[in-house]
Amino acid sequence: MRTAVLADPLDFDGWREAARRLRLAGVEPSRVKFAVGATAGGLFDEGGALPEVEGAFTAPRAFLETAAQLIQHRSEDRFDLMYRLLWRLKDQPNLMAVLSDRDVAEAADRVKAVRRAAHKMKAFVRFRQAQDEAGERWVAWFEPAHRVLQATAPFFARRYSAIRWSILTPDGAAHWDGTLLTFGPPADQSQAPAEDAVEDFWRTYYASTFNPARLRPQAMRSEMPKRYWKNLPEAALIPELTAAASVRTDAMVNQPAPTPNDRFQRVRAPSVDRAATDDLVPESLDELARGVQGCRRCPLWRDATQGVCGEGPKRAALMVVGEQPGDQEDLAGRPFVGPAGRLLDAAFQEAGLDRGDLYLTNAVKHFKHEPRGKRRLHKTPNAGEVQACRWWLDHERRLVRPELILALGATAGLAVLGRKPAVQAERGRVLTTEDGARVLLTVHPSYLLRLPDPALRAEERRRFLADLSVARDALKRTDAKRA
Ligand code: SF4
């Protein structure tokens, strides 16, 4: 029996050279074993080195593709299986197409496991903010089921090309500096940051989007196996949310469904002379709210439960303008009470702004949506609807007379500035409108909620907080001038 010693668990070149010499020398698979050695004993540790053998042969592409993934499997005998297949290809060139063959099927199962491990790595790596000598670096600790780090790292380099990051695993580490992907030695979890501020935000979001009525524990465990939970910040919430799910579902089921009459009354109950509301010039915010309930300036009132006006102090220094009420705001009749509102509240708090001091409203007062099964999916208001509803926003601005308007997203920007803004290019600095109002543009919080990449979401959240800080500082300067 010979033992071929390879330099490391992913030493494909070493295996290929050993396999070439063994096959040309006629060494049957049953007489050779491959091992990964800590000793640098050369290709053949036992039985002596094989002499150089003249000759060459080719292997089919299907085999090479299988081998490139099979080598990432953690099984100790994967090199032996690869050699067995290579040996048998000599007499059966189409072996890789015989899916019922035991070796081929075994290789296919292991390749499937490797692909699954790579997929899980792409889904469950969670970066945490850290610092090194060059500045900010995002670091993740991950324990892949198979040795997929090197094959998967280019995916992260493409996806997170704008930030510096490291992925640490027990098999090795991948580092991206913005231009170059490099690999380092195995790491341990203590080298990765334990937790960062972004995780609170991520947990809040996960809890807010958790729908108990859709809970399917078996499917969830299959998609998010428990072995990955310990490194996922949101996983800490799963037992608690799962335990509470049946109670919450019962409450949802037992809640009386709104009758058509309820809906009719909620939309049309306000005792407003409709003919008078479209051109109503409100003298107070209460009068404006009544006017909105009877407004027919655009068709959006038809499918909404009610109009949702702004709320906050009548003389707020900062007016925050969003896009339109969402599903929860439409039912509650209040702005920013859904997931985006909760994110906004947390961001206000972090930026040192008190929601109680702010006037929050939307560019469009009725919820534009389309039904999808039992759900109502948000639809962006068009320019005509925004223009129609500026009537009410302009009156809110006239009545509140804010020092600064914070416009969240392109629709709010359009309503406040009267032109479609380039949000990313114009955000974060105070603009002045033709009528002298001061406006700060930033993204809408629902944009942050929709970002699937944790690192990108964290980066965008950081920029969002920076924009809110600009608003806070601009208000402070205004206060100081007044004093
Ligand atoms: Fe009137 Fe605005 Fe509602 Fe359209 S969205 S009906 S303009 S309040």
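Report on the accompanying structure. What you see is a predicted model; the values in this text were computed from it and never measured.

## As for the overall build of the chain
Moving on, step 1. For the chain, the count of helices and strands is 18 helices and 15 strands.
Moving on, step 2. Counting all 483 residues of the chain, 48% fall into the buried class.
Moving on, step 3. Long-range contacts, defined here as pairs at least 24 residues apart, represent 71% of the contacts in the chain between residues at least 6 apart.

## Considerations on the pattern of salt bridges
Moving on, step 1. Following the criterion strictly, the structure yields 31 salt bridges and no others.
Moving on, step 2. A salt bridge links R110 to E106; its shortest N-O distance comes to 2.8 Å. Placement of the pair is R110 and E106 together in helix α4 (residues 102-124), with a separation of four residues, close to one helical turn.
Moving on, step 3. Of the charged contacts in the structure, one is a salt bridge between R159 and D453, with a shortest N-O distance of 3.0 Å. Placement of the pair is R159 in helix α5 (residues 149-159) and D453 in the loop between α17 (445-450) and α18 (454-482), with a sequence separation of 294 residues.

## So, the nonpolar core
Moving on, step 1. By size, the foremost hydrophobic cluster in this structure holds 56 residues, and its most contacted members are L318, V320, V321, F348, F464 and L468.
Moving on, step 2. Ranked by residues supplied to this core, first place goes to helix α14 (residues 383-400) with seven residues.
Moving on, step 3. Setting aside chain neighbours within four positions, we find V320 in contact with F348, L358, Y359, L360, T361, L406 and L408.
Moving on, step 4. Core analysis: the second largest hydrophobic core is formed by 27 residues, F12, V32, W87 and A107 among them.

## Looking at unusual backbone geometry
Moving on, step 1. Positive phi is not limited to glycine here, since F336 has a value of about 55°.
Moving on, step 2. Assignment of secondary structure puts F336 in the loop between α12 (327-332) and α13 (339-351).

## Side note on the packing of aromatic side chains
Remark: the centre distance and the inter-plane angle together describe each pair of aromatic rings, the angle taken between the planes.
Moving on, step 1. Inspection of the entire model under this criterion finds 12 aromatic pairs.
Moving on, step 2. The interplanar angle of 50° and the centroid separation of 5.9 Å between the aromatic rings of F127 and W165 together place this pair among those described as tilted. Of the two residues, F127 is situated in the loop between α4 and β4 (128-132) and W165 in strand β6 (residues 165-169); the sequence distance between them amounts to 38 residues.
Moving on, step 3. The class of W165 is buried, set by a relative accessible area of 0%.
Moving on, step 4. Taking 5.1 Å as the distance between ring centres and 85° as the angle between the ring planes, the aromatic pair formed by F155 and F156 counts as edge-to-face.

## Observations concerning the sheet that holds β6
Moving on, step 1. In space, the five strands of this open sheet follow the order β4-β5-β6-β7-β8, with mixed pairing throughout. Each edge of the sheet is formed by a strand with only one pairing partner; in this case those strands are β4 and β8 (181-184). Adjacent strand axes in the sheet meet at a mean angle of 25°, parallel and antiparallel pairs treated alike.
Moving on, step 2. Pairing of strand β5 (residues 135-141) with β6 involves four bridges; the strand directions are parallel. The partner of W141 across the bridge, within β6, is L168.
Moving on, step 3. Against the sheet, α5 contacts β6, β7 (172-176) and β8, and its axis sits at roughly 160° relative to β6.

## Examining the pairing of strand β15 (residues 438-442)
Along any regular strand the residues' side chains alternate between the sheet's two faces.
Moving on, step 1. With four of five residues buried, β15 is to be regarded as a mostly interior element.
Moving on, step 2. Pairing geometry for strand β13 (residues 404-408) and β15, over four bridges, is parallel. Residue L408 lies in a different strand from β15, and its bridge partner there is T442.

## Looking at α5
Moving on, step 1. Where α5 is concerned, the buried positions are L149, T152, A153, F155, F156 and A157.
Moving on, step 2. Elements that come into contact with the buried residues of α5 comprise α4, β6, β7 and β8.

Here is what the cut-offs are and how they apply
Residues numbered from 1 in each chain as written. Predicted model: local features only at pLDDT ≥ 70, side-chain atom pairs only at ≥ 80, totals over all residues. Heavy atoms only, no water. Helix = DSSP H or I, 4+ residues; strand = E, 2+ residues; numbered from the N terminus. Buried < 20%, exposed > 50% of the residue type's maximum accessible area, 1.4 Å probe, protein only. Contact = heavy atoms within 4.5 Å. Salt bridge = Lys/Arg side-chain N within 4 Å of Asp/Glu carboxyl O. Core = buried A, V, L, I, M, F, W, Y, C linked by side-chain atoms within 4.5 Å. Phe/Tyr/Trp six-rings, centres within 6.5 Å; stacked < 30°, edge-to-face > 60°. Pairing = 2+ DSSP bridges. Axes fitted to C-alpha atoms, helices over the stretch in contact; angles between N-to-C directions.

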